[in-house]
Amino acid sequence: IFKHYVSAVRYLTHKKYFLFQKTEIEKKISIAFSILCHGNLGQLEALFATIFRPQNVYCIYVDDKSPIEYKKAVRQLAAIYKYHFPEVKLKCSNI
């Protein structure tokens, strides 16, 4: 799924997902997100790109019945964000 992106940095810059400025309030407050997903990677990507800020906390739970390929893709997506933002608190469950 992410084969055509050579690196994590290239993926994020191509998608323009982290071209944002933190406000002073965002720097002071962290929000915890719990995400349940099961089969639409594009929707998960769009959601994560919209809500992602490095100071927040994320837990992505993949449904048991999801295909192995989908679980692998979610793992790859999480790895890209963790690689580029090592300080982010991101946990994937059930994959």
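What you are looking at is a predicted structure, and each value in this text was computed from that prediction instead of being measured.

Enquirer: Whenever I open this one, the overall build of the chain confuses me. Can you help?
Expert: The helix and strand inventory of the chain stands at 4 helices and 3 strands. Ordered by position from the N terminus, the helices and strands of the chain form the series α-α-β-α-β-α-β. Classification of the 95 residues of the chain by burial places 39% in the buried group. On the chain, roughly 6200 Å² of surface is accessible, and the fraction owed to carbon and sulfur atoms is 57%.

Enquirer: Which parts of the structure should I look at to understand a nonpolar patch on the surface?
Expert: A cluster of nonpolar side chains, I25, I29 and I31, forms an exposed patch at the surface whose accessible area comes to about 300 Å². On the secondary structure map, I31 appears in the loop between α2 (24–28) and β1 (32–37). In this structure I31 comes out as partly exposed when scored by relative accessible area, which is 44%.

Enquirer: Just to check I follow, could you spell out the sheet that holds β1 for this structure?
Expert: Two pairing modes exist for strands in a sheet, parallel and antiparallel, and in both the strands are linked by backbone hydrogen bonds. Pairing is parallel across the open sheet formed by 3 strands, whose spatial order is β1-β2-β3. In the strand order of this sheet, the two ends are held by β1 and β3 (89–93), each with one partner. The mean inter-strand angle of the sheet, taken between neighbouring strand axes irrespective of direction, is 15°. Bridging between strand β2 (residues 57–62) and β3 involves 5 bridges; their strand directions are parallel. Each bridged residue has a counterpart across the sheet, and for V57 the counterpart in β3 is K89.

Enquirer: I tried to follow the nonpolar core on my own but got confused; where do I start?
Expert: Note on soluble globular proteins: their nonpolar side chains tend to be buried together. Core analysis: the largest hydrophobic core is formed by 21 residues, its most contacted members being L44, F48, I60, V74, Y81 and L90. Elements supplying a minimum of two residues to this core: β1, α3 (41–51), β2, α4 (68–84) and β3. Sorting elements by how many residues they give to this core places α4 first, with 6 residues. Residues in contact with L90, not counting those within four places in the same chain, are F48, Y58, I60, A78, Y81 and K82.

Enquirer: Is there a simple way to explain the state of the cysteines in this structure?
Expert: Tallied over the entire structure, the rule returns 0 disulfides. The closest cysteine sulfur to the non-disulfide-bonded C37 is located on C92, 8.0 Å from its own sulfur. Cysteine C92 shares no disulfide, and the gap to the nearest cysteine sulfur, in C59, comes to 7.9 Å.

What counts and how
Residues numbered from 1 in each chain as written. Predicted model: local features only at pLDDT ≥ 70, side-chain atom pairs only at ≥ 80, totals over all residues. Heavy atoms only, no water. Helix = DSSP H or I, 4+ residues; strand = E, 2+ residues; numbered from the N terminus. Buried < 20%, exposed > 50% of the residue type's maximum accessible area, 1.4 Å probe, protein only. Areas by Shrake-Rupley, 256 points an atom, 1.4 Å probe, with all protein chains shown as cover. Patch = residues over 30% accessible without salt bridge, like charges linked within 9 Å, V, L, I, M, F, W, Y side chains within 5 Å. Salt bridge = Lys/Arg side-chain N within 4 Å of Asp/Glu carboxyl O. Pairing = 2+ DSSP bridges. Axes fitted to C-alpha atoms, helices over the stretch in contact; angles between N-to-C directions. Core = buried A, V, L, I, M, F, W, Y, C linked by side-chain atoms within 4.5 Å. Contact = heavy atoms within 4.5 Å. Disulfide = S-S within 2.5 Å.

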